[in-house]
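# Structural features, examined
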Amino acid sequence: MDKIAVINTHSHVNMLKEHSVDEALKNCADENVVIIVPSYDDKSIFEVDELVKKYPDVYGYVGVFPEEVKCFTDKTLSDMEKIIKSNNKIIGIGEIGLDYYWDKSFIDLQKEVFIKQIEFANQMNLPINVHCREAYFDTLNILKEHNKNSKVIMHCFSGSLEFAKECIKQGIYIAIGGVVTFKNAVKVKEVAKNIPLEYLLLETDDPYLTPVPYRGKENQPSYVKYVVQEIANLRGIPSEEIESVTTINAKNIFPQII
Ligand code: NI
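Throughout what follows, the structure given in this document is the object of discussion. (Residues numbered from 1 in each chain as written. Predicted model: local features only at pLDDT ≥ 70, side-chain atom pairs only at ≥ 80, totals over all residues. Heavy atoms only, no water.)

### Quick notes on the coordination of the nickel ion
Put simply, the test is: For Na, K and Ca the donor cut-off is 3.2 Å, while for other metals it is 2.8 Å, and in both cases only N, O and S atoms qualify; water is not among them, so sites may look incomplete. The way it works is that DSSP assigns letters per residue, a run of H or I at least four long becomes a helix, a run of E at least two long becomes a strand, and they are numbered from the N terminus.
Surrounding the nickel ion are the protein donor atoms His-10 (NE2), His-12 (NE2), Glu-95 (OE) and Asp-205 (OD), at 2.2 to 2.4 Å. The sequence motif formed by the donor residues of the nickel ion is H-x1-H-x82-E-x109-D. Remark: Glu-95 occurs in strand 4 (residues 90-99) and His-12 occurs in the loop between strand 1 (6-8) and helix 1 (21-30); sequence separation between them is 83 residues.

Structure (structure tokens):
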């Protein structure tokens, strides 16, 4: 690929059902989209390791998702370390964080595992891709207290503009996904329109949260272009500017991306 147009910082391309990985990545290649694929449990870290070895424009994160923290052990951490040390396309820790939406019965364990993975990211000197759902200030406070040296991305940002500003004060990047194209997504539109461009990143979180005009169908990573278009419209600037600034931002965080 001669030129990277867009870096999609969060795509579960390996979880698509209606599209094969080959097909979805062919569409990415056609649109000049490079993707980073998160893990979510102690098994998917190996799947992501294999996936990024197989495909050139695919990078990965290793980490355990808040809803899956019961599977997290010391062995998970040592497996993650081995994968990172043997594969230079594993470029971050994720997706990790807190989720109070689905099940509040093990919040303490979620916090404990989140903190362990932040400390691990610090040791490995890798960025963190954070999942935060209905746990805004707990997530931010844990990051403030425990994160020393890792760059942080708030994935699929769903908070208020005020919360986005609190994150940016801490140097945290804001990743906007397909929700920004939804008519009723007033808060996300406000965030996408108003945050400083140097903290903006793009993602899709496919197969979930399909942007307009494909809402109701399965999402895929190349649909990041609809996220770009919507943010460009909201800000009244060309799509190319959103593409170039978010690519510069992503490469600052992930210098391994070529
Ligand atoms: Ni995700």
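Back to the text.
### Examining the pairing of strand 5 (residues 128-133)
Defined as follows: Residue burial is assigned from relative accessible area. The probe radius is 1.4 Å, only protein chains are included, and a residue is buried under 20% of its type maximum, exposed over 50%, and partly exposed in between. DSSP-based pairing: two strands are paired if at least 2 bridges between them are found. Looking down the strands as they point away from the viewer, one classifies a crossover as right-handed if the path from the first strand across the helix to the second runs clockwise.
Counting buried positions over the 6 residues of strand 5 gives 5, a clear majority of the element. Of the strand pairs in this sheet, strand 4 and strand 5 are connected by 6 bridges, and their pairing is parallel. Residue Leu-98 lies in a different strand from strand 5, and its bridge partner there is Cys-132. Between strand 4 and its parallel partner strand 5, the chain crosses via helix 4 (residues 107-124), and the hand of that crossover is right-handed. As defined by bridge partners, strand 5 adjoins strand 6 (residues 152-154) across 3 bridges and the pair is classed as parallel. Across the sheet, Asn-129 pairs through a bridge with Ile-153, a residue of strand 6.

### Here's the deal with the side chain of Thr-210
Defined as follows: Polar contact is the term for a pair of N or O atoms within 3.5 Å; when the atoms are in protein, one must be able to donate a hydrogen and the other to accept it, and sequence-neighboring residues count only if both atoms are side-chain atoms. Residues are treated as being in contact if the distance between any of their heavy atoms lies within 4.5 Å.
Within the secondary structure, Thr-210 is located in the loop between strand 8 (200-202) and helix 8 (224-235). Engagement of the side chain of Thr-210 in a polar contact is seen with the backbone oxygen of Lys-217, the distance being 2.7 Å. When sequence neighbours within four positions are dropped, the list of residues in contact with Thr-210 reads Phe-182, Arg-215, Lys-217, Glu-218, Asn-219 and Tyr-223.

### Some remarks on the environment of Val-62
With respect to the helices, strands and loops of the structure, Val-62 is situated in strand 3 (residues 58-62). Distance in space between the C-alpha atoms of Val-62 and Ser-39 is 5.1 Å, their sequence separation being 23 residues. Discounting chain neighbours no more than four positions away, the residues touching Val-62 are Ser-39, Ile-45, Met-80, Ile-83, Ile-84, Ile-90, Gly-92, Ile-93 and Gly-94.

### Thoughts on helix 6 (residues 161-169)
Let me state the cut-off plainly: In this description, the arc belongs to the directions extending from the helix axis to the C-beta atoms.
Considered for burial, the residues of helix 6 that qualify are Leu-161, Phe-163, Ala-164, Cys-167 and Ile-168. Along the axis of helix 6, the buried residues cluster in a sector spanning 155°; they form a single face. Of the exposed residues in helix 6, the ones pointing more than 90 degrees away from its buried face are Glu-162 and Lys-169. Turning to helix 6, the residues buried within the fold contact helix 5 (136-146), strand 6, strand 7 (173-176) and helix 7 (186-194).

### Remarks on the side chain of Thr-9
Its place among the elements puts Thr-9 in the loop between strand 1 and helix 1. Among the residues examined, Thr-9 registers a relative accessible area of 0% and is labelled buried. Of the polar contacts made by the side chain of Thr-9, one reaches the backbone oxygen of Leu-202; its length is 2.8 Å. In contact with Thr-9, not counting residues within four places along its chain, are Ile-36, Tyr-61, Asn-129, Ala-175, Leu-201, Leu-202 and Glu-203.

### Structural notes on unusual backbone geometry
Cis geometry marks the peptide bond from Gly-94 to Glu-95; its omega dihedral reads -5°. Looking along the chain, the bond that leaves Asp-206 and enters Pro-207 is cis, with omega of 10°. Position of Pro-207 among the secondary structure elements: in the loop between strand 8 and helix 8. Although it is not a glycine, Asn-32 sits at a positive phi angle of roughly 60°. Mapping Asn-32 onto the fold places it in the loop between helix 1 and strand 2 (33-37). The phi torsion at Leu-209 lies on the positive side, around 55°, for a residue other than glycine. Its location among the elements puts Leu-209 in the loop between strand 8 and helix 8.

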